[in-house]
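Analysis of the macromolecular model
One-letter residues, chain by chain:
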Amino acid sequence: MIMTMVQAINRALAGEMERDDKVVVFGEDVGRDGGVFRATEGLFDEFGPERVMDTPLAESAAVGAAIGMAALGLRPVPEIQFMGFIYPAFNQIVSHVARLRNRTRGRFTAPLTIRTPYGAGIKALEHHSESTEAFFCHIPGLTVVVPSSPTDAKGLLAASIRSDDPVIFLEPTKLYRAEKQDVPETPYELPLRQAAVIREGRDLTIVAWGAMIPVAREAATAAEAGGVSVEIIDLRTLSPMDRGTIVASVQKTGRALVLHEAPKTCGLGAEIAATIGESALLSLKAPVMRVTAPDITVPLLKSEDLYYPGPERVLRAIRNLMEY
Amino acid sequence: MIERFDPLKGERLRILDEDGQAAPGLDPNLSNDLLRTLYERMVQARAADAKALKLQRQGRLGTYAPSVGHEASQVGLASAMSRDDWFFPYFRDLGAFLTLGYPLADYYHFWMGNEAGLRTPDGLNIFPISIPVASQIPQAVGAGIAAKYRKLGIAVVATLGDGATSEGDFHEGLNYAGVFRTPNVFVCMNNQFAISVPRSRQSAAATLAQKAIAYGFPGVQVDGNDVLAVFAATWEALAVARSGGGPTLIEAYTYRMGDHTTSDDAARYRTKDEVQQWERRDPLARFRLYLGRKGLWDEAYEKEVQAAASDLVEKSVAEAEARPPASVDDIFAYTYAEAPPDLKAQRDELKASLPEGRR
């Protein structure tokens, strides 16, 4: 069935709710309204108000409640309306969700999936464009997943909901309706913790995820015209990271560029560069480069294009790497 | 009974006065067995608490939050619970843990610095001690939502301190509970201090119980040093919760007789006079007098109870101390359901750097 990413997410939720009556969805506006991006559209009518719950406007309570629901056997899927509003729930995520399994030596776990739209590119208002995935990747116990296509979104969300570990599922708003794909109607899982080589190449590896994938593709196509063969790795699960796929690719190409829309300092690019340094140093023909957002506050919508890495910046970096 | 005590009118439920006299018409007339069990649990809690303090001073236990003075609140609320109910504690709940059947050796083991002590034995519905203040409240509410969804007919209890009522999670959690009409009972141990900050600095409200009214459900203030009052209020609130009547907030008005933790010195911020006044309201002394009036207490019984408590404490300490320290595998194994390769590599690297005996 041909669908957008947001429709694929909707179908993943419906599929998992049909499979398992322990799966419940809740958050602000997820019920009658179907979510501000319509990700939960129709679920309220299909599964009823007990499983698709509109909640008070309180992010910490949403995540805290999810922990308690999981303790009593449910598979909660809370939605935080935008990543920029997840911070009130940070205490619950860091102090409880991530460590519950460890601090109870496995007696209690938090098999919940926190969905949240994230990232720039839709000309939203302030606090709606941040990309702070690195916060969560820094916390042991969390799994951080970012899809970049409708097909991936459906399979990765299903896998996240079925996972016995807590998942922060980041949905790139820019990609919600950017592309349509033929997505299988029956439920399926795509493996977590596995990056995908989505374009094979010989000269250079780009590591990216989410909304940076189309940017990477565009730059790779342009580079190809100039005779540079670019491989693209879509990380898909940011943490725990599939380092093996990155290292194997860089060992082949000898050049690496990390592309992310989050600020540079302490961004995930640093971790990826360190990984390559530790495991593929002697394959490198040039230093690992990063194309990222600058270390500034995300500008408001009129200047968003200045902030967000585009194909031109990636192409420049590719040229620099090739000429190094 | 709860509705007869309106916090907005400054009314507080108290059954036993300081001389152990039951107020006419309020005595729940519990069975002799249950009365003695309440007393024995309180004695155990006090003995176990005193021992923990000693162990801390001797370097055998880490920083510890003492429960002395809270026994009536802790034992009273937990005794009202049934085995199917769930408990989401805060960090000063020793008497409740004992009453609910949590092994004292495990409790000590946690405070001695091993997560294995937080592994609630199978069959007990006790969530782990929550240290970030008030964070357990939304969790208990979520459990309440799940209990309702699964039609379990159970109640979910959360405890908290007076300081917790200032936290966002208190408001968010109780607000959720009101909206979802969850089967929750929140028991706020108002012990007058959040470390050094007095109750008057937490809220300008005359009582903490009255906060429930704004969330759309009842709140009641009870004498937290009166085990019968705490028991009766909790019993009633649990019955309401289990039968779909929604949540209740109980404010147990008590006093923290000890320091906040072993790292605190309460003499810096409160007077001896004040502490002495509260010593006269001691929950055990009061209940002992009540039992005496009923012919359920004498010196011989006291000796027996004290000896049994001491025996439990000593055995539990020995058991906790005999357990092996956490291994490298233990501290890595529970981060994820299945450790990723990186984590296994980090574990192996750490092991390789350690002497044989510490791996």
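Residues numbered from 1 in each chain as written. Chains lettered and ligands numbered in written order. Predicted model: local features only at pLDDT ≥ 70, side-chain atom pairs only at ≥ 80, totals over all residues.

**Re the overall build of chain A**
- Tallying secondary structure elements over chain A gives 12 helices and 14 strands in all.
- Expected size for 324 residues packed as a compact globule is a radius of gyration near 20 Å; at 19 Å, chain A falls within 12% of this value.
- Taking the principal axes of the C-alpha coordinates as reference, chain A spans close to 60 × 40 × 40 Å.
- Counting only contacts in chain A whose residues sit at least 6 apart along the sequence, the fraction spanning at least 24 positions is 80%. (Helix = DSSP H or I, 4+ residues; strand = E, 2+ residues; numbered from the N terminus. Rg over C-alpha atoms; globule rule 2.2 N^0.38 Å. Contact = placed C-beta atoms within 7 Å.)

**Brief notes about the pairing of strand S2 (residues 23-27) of chain A**
All names here are of chain A.
- For S2, the tally of buried residues reaches 5 of 5 residues, placing the bulk of the element in the interior.
- With 5 bridges connecting them, S2 and strand S4 (residues 75-79) associate as parallel partners. Its bridge partner being in S4, Val-24 is matched across the sheet by Pro-76.
- Here S2 pairs with strand S3 (residues 52-54) via 3 bridges, running parallel. (Buried ≥ 20, exposed ≤ 12 C-beta atoms within 10 Å, placed from the backbone. Pairing = 2+ DSSP bridges.)

**Things to note about the interface of chain A and chain B**
- Counting residues at the interface gives 37 residues for chain A and 33 residues for chain B.
- Of all the secondary structure elements, the ones that give two or more residues to the side of chain A that touches chain B are helix H3 (59-71), helix H4 (90-97) and helix H5 (100-103) of chain A.
- Broken down by element, the side of chain A that touches chain B gets its largest block of residues, 9 residues, from H3(A).
- Tallied by class, residues from the side of chain A that touches chain B come to 15 nonpolar, 13 polar and 9 charged. (Nonpolar A, V, L, I, M, F, W, Y, C, P; charged D, E, K, R; others polar.)

**Digging into the confidence of the model for chain B**
- With 100% of its residues at a pLDDT of 70 or more, chain B has an overall mean of 97.
- Among the scores for the predicted complex, ipTM is 0.96 and pTM is 0.97. (pLDDT = per-residue confidence, 0-100.)

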